[in-house]
Amino acid sequence: DPTHPIDDMHAFYRRSKLVRRSRVLWGSLGLWKPRLVFWTGALAIGLISVVFARMADRAQVAFLSMTEVQGFGFLLPLVVTPLGFALCAWLSITLFPNSQGSGIPQAIAARHLNHDEDRQRLLSLRLAFGKIVLTVVGLLSGASIGREGPTVQVGASFMLAVARFGGMAQARGLILAGSAAGIAAAFNTPLA
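Given the structure is predicted, the values throughout are model-derived calculations rather than measurements. (Residues numbered from 1 in each chain as written. Predicted model: local features only at pLDDT ≥ 70, side-chain atom pairs only at ≥ 80, totals over all residues. Heavy atoms only, no water.)

Undergrad: Honestly, the overall build of the protein chain in this entry has me stumped. Any pointers?
TA: Broken down by element type, the protein chain carries eight helices and zero strands. Ordered by position from the N terminus, the helices and strands of the protein chain form the series α-α-α-α-α-α-α-α. Within the span of the protein chain, comprising 192 residues, buried residues form 36% of the whole. (Helix = DSSP H or I, 4+ residues; strand = E, 2+ residues; numbered from the N terminus. Buried < 20%, exposed > 50% of the residue type's maximum accessible area, 1.4 Å probe, protein only.)

Shown next as structure tokens:
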């Protein structure tokens, strides 16, 4: 059964269109730039979250080992805990304003803000660094805090910073993606 010449022409046209489309998809910088920005942010969040988790675990172990010192070691938390809390309060007021809170409300509020300057007050690399430092110092002082909420704010801050660096304007979606990556990293669910 010979095929009709017009059918052959349509098949050739579809194949050539598919080849051109695949070249555009693979070779377009405009298409790959958002992907690279997103992947870079996700990898940075994963790396920072792992380091943050290890630092938090070591801080908790250090506090517990401090209480096991022979003699009057059980009284050390009576001195260390208030001093650590005072240090955290002072650092959050002087060096890292807007770092108070769990981090989840800050990420949610930043999504609803319209201006980049307003978002910068809640999500920045400086605040992410401060959130990590304050959480680790708090855990070292015996605070009953978790790293999950702070990891959300850290993830949103990193994703927003990478988006700014990459020239992307979809701030709300990237804040959400960074927050989700922070949650996934905090609970050791990398595929999420």
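Okay, back to it.
Undergrad: Explanation requested: the nonpolar core in the structure shown.
TA: If you look at soluble globular proteins, the nonpolar side chains tend to sit buried side by side. If you look at the biggest cluster of nonpolar residues, it comprises 16 residues, and the most contacted ones within it are Ile132, Val136, Val154, Phe158, Met168 and Leu174. Formed by nine residues, the second largest nonpolar core is a distinct cluster that contains Ala110, Leu122, Leu123 and Ala171. (Core = buried A, V, L, I, M, F, W, Y, C linked by side-chain atoms within 4.5 Å.)

Undergrad: Explain the confidence of the model for the protein chain to me, please; I cannot follow it from the model alone.
TA: Parts of the prediction with low pLDDT should not have their coordinates interpreted in detail. Residues with a pLDDT of 70 or more make up 82% of the protein chain, whose mean pLDDT is 82. Helix α6 (residues 125-140) holds the highest mean pLDDT among the elements of the protein chain, 94, whereas helix α1 (residues 5-27) holds the lowest, 60. (pLDDT = per-residue confidence, 0-100.)

Undergrad: Teacher, can you tell me more about a nonpolar patch on the surface here?
TA: A grouping of Phe72, Phe74, Leu75, Leu78, Val79 and Leu83 is seen on the molecular surface, where their side chains present a nonpolar patch of about 680 Å² in accessible area. Here Leu75 is to be found in the loop between α2 (29-67) and α3 (76-94). (Patch = residues over 30% accessible without salt bridge, like charges linked within 9 Å, V, L, I, M, F, W, Y side chains within 5 Å. Areas by Shrake-Rupley, 256 points an atom, 1.4 Å probe, with all protein chains shown as cover. Salt bridge = Lys/Arg side-chain N within 4 Å of Asp/Glu carboxyl O.)

Undergrad: Even after reading the chapter, I still don't get the packing of α6 against helix α7 (residues 148-166), so can you show me in this structure?
TA: In a pair of packed helices, the angle between the axes and the distance between the axes together describe the arrangement. Running from N to C, α6 and α7 cross one another at 155°; their axes reach a closest spacing of 8 Å. Classified by the angle their axes make, α6 and α7 are roughly antiparallel. The element α6 and its partner α7 pack so that their crossing is left-handed. Here α6 contributes Leu125, Leu127, Ala128, Lys131, Ile132 and Thr135 to the contact with α7, which in turn contributes Pro150, Gln153, Val154, Ser157, Phe158 and Ala161. Partitioning the contact of α6 with α7 into residue classes produces eight nonpolar, three polar and one charged. (Axes fitted to C-alpha atoms, helices over the stretch in contact; angles between N-to-C directions. Parallel < 35°, antiparallel > 145°, perpendicular 65-115°, else oblique. Left-handed = near helix turned anticlockwise from the far one by under 90°. Contact = heavy atoms within 4.5 Å. Nonpolar A, V, L, I, M, F, W, Y, C, P; charged D, E, K, R; others polar.)

Undergrad: Please clarify how the environment of Ser141 should be interpreted in this entry.
TA: When you line up the elements, Ser141 lands in the loop between α6 and α7. In the structure, Ser141 is positioned 57 residues away from Gly84 in sequence and 5.1 Å away in space, judged by C-alpha atoms. What Ser141 contacts, discounting residues up to four positions off in sequence, is Phe63, Val80, Thr81, Gly84 and Phe85. Looking at Ser141, its side chain comes within polar contact range of the main-chain oxygen of Val137, at 2.8 Å. (Polar contact = N/O pair within 3.5 Å; in protein donor to acceptor, adjacent residues only side chain to side chain.)

Undergrad: Mind showing me how you'd approach the pattern of salt bridges here?
TA: It is possible for side chains of opposite charge to pair when their charged atoms get near one another. Per the stated rule, a full pass over the model turns up two salt bridges. Taking the shortest distance from any N to any O, the salt bridge between Arg164 and Asp116 comes out at 3.2 Å. One end of the pair, Arg164, is in helix α7; the other, Asp116, is in helix α5 (residues 116-122), and 48 residues separate them in sequence. Relative accessible area serves as the criterion here: at 34%, Asp116 is assigned to the partly exposed category. For Asp118, the salt bridge goes to Arg121, with nearest N and O atoms at 3.2 Å.

Undergrad: Is there a simple way to explain helix α8 (residues 171-186) in this structure?
TA: Since one α-helical turn is 3.6 residues long, residues separated by three or four positions face the same way. With 16 residues, α8 should cover 22 Å at 1.5 Å per step; its first-to-last C-alpha distance of 22 Å lies within 8% of that length. Within α8, burial applies to Ala171, Leu174, Ile175, Ala177, Gly178, Ser179, Gly182, Ala184, Ala185 and Ala186. Following α8 by one or two positions, Asn188 adopts a phi angle in the positive range, close to 55°. (Expected span 1.5 Å × (residues − 1).)

Undergrad: Help me understand the layout of surface pockets, please; the structure alone is not making it clear to me.
TA: Leftover empty space is mapped by rolling, across the atoms, a probe with the size of a water molecule. Quantified by volume, the largest pocket comes out at close to 300 Å³. In terms of lining residues, the largest pocket is bounded by 15 residues, among which Ser99, Gly101, Leu134, Thr135 and Ile145 are the most central. When contributions to the lining of the largest pocket are tallied by element, the ones reaching two or more residues are α3 and α6. Among the elements that make up the lining of the largest pocket, the one with the highest residue count is α6 (four residues). Grouping the constituent residues of the lining of the largest pocket by class yields six nonpolar, eight polar and one charged. (1 Å grid on protein atoms, 1.4 Å probe; cavity = no way out; pocket = protein on both sides within 12 Å on 5 of 7 lines; lining within 4 Å. Points joined across faces, edges and corners; volume = space filled by probe spheres on them.)

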